[in-house]
Amino acid sequence: MEKEIKDGLNFVLGAVSKVKEEFDNGFQGVNSTFQALAEKGAQDNSEISVNVRKYAQEGINYIQNVVPASSSNN
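In what follows, the accompanying structure is described. Here the structure is a predicted model, which is why all the values come from computation and not from measurement. Here the residue index of a chain counts from 1 through its sequence in written order. Residue-level local features of this predicted model are given only where pLDDT is at least 70; pairs of side-chain atoms are given and counted only at 80 or more, and the full residue set underlies all totals for whole chains, interfaces and linings. With hydrogens and water excluded, all non-hydrogen atoms of the structure serve as input to the side-chain values.

The subject of this paragraph is the overall build of the protein. Counting secondary structure elements, the protein contains two helices and zero strands. Against the globule reference of 11 Å for 74 residues, the protein gives a C-alpha radius of gyration of 25 Å, more extended than a compact globule. Reported as C-alpha extents along the three principal axes, the dimensions of the protein are approximately 70 × 45 × 10 Å. For each residue, the accessible area found with a 1.4 Å probe, counting protein chains only, is set against the maximum for its type, and the residue is called buried under 20%, exposed over 50%, and partly exposed in between. Within the protein, buried positions represent 1% of all 74 residues. A run of H or I in DSSP counts as a helix once it spans at least four residues, and a run of E counts as a strand once it spans at least two, with each numbered from the N terminus. What the globule rule says is 2.2 Å times the number of residues to the power 0.38, and the radius of gyration is computed from C-alpha atoms.

So this is what it looks like as structure tokens:
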């Protein structure tokens, strides 16, 4: 009976280790894909991309100016 308990415990520990390893590898893969897409997007200088970046930056600037103003009223 003791051997079966130890084998079961070792199985669970091995499974947990494998799941963690697969998760870490998967996360690295997602991160690599994200970085590759970001680099590809940074190289895109089409008119649409330039306009999207421009309007996104204007939106970010607007939000940064509005948020501190409303936070100081509290």
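By salt bridge we mean one thing: a side-chain nitrogen of Lys or Arg within 4 Å of a carboxyl oxygen of Asp or Glu. Considering all chains together, one arrives at five salt bridges under this definition. Residue Asp24 pairs with Lys20 through a salt bridge whose shortest N-O separation is 2.9 Å. Highlighted residues: Asp24 and Lys20, both in helix H1 (residues 2-43), separated by four residues, approximately one helical turn. For Asp24, a relative accessible area of 30% puts it in the partly exposed group.

Note on placement: Glu58 falls in helix H2 (residues 47-71). Expressed as a C-alpha distance, the spacing of Glu58 and Met1, which sit 57 residues apart in the sequence, is 69 Å.

The next point concerns a nonpolar patch on the surface. For patch detection, residues must exceed 30% relative accessible area and be free of salt bridges, and they are connected within 9 Å for like charges or within 5 Å for nonpolar side chains (Val, Leu, Ile, Met, Phe, Trp, Tyr). Here the Shrake-Rupley method, with its probe set to 1.4 Å, supplies the accessible areas, and only the displayed protein chains count as covering residues. Together, Tyr62, Ile63, Val66 and Val67 give the surface a local cluster of nonpolar side chains, amounting to about 380 Å² of exposed area. For Val67, the location among the structural elements is in helix H2. Residue class for Val67 comes out partly exposed when judged on its relative accessible area of 42%.

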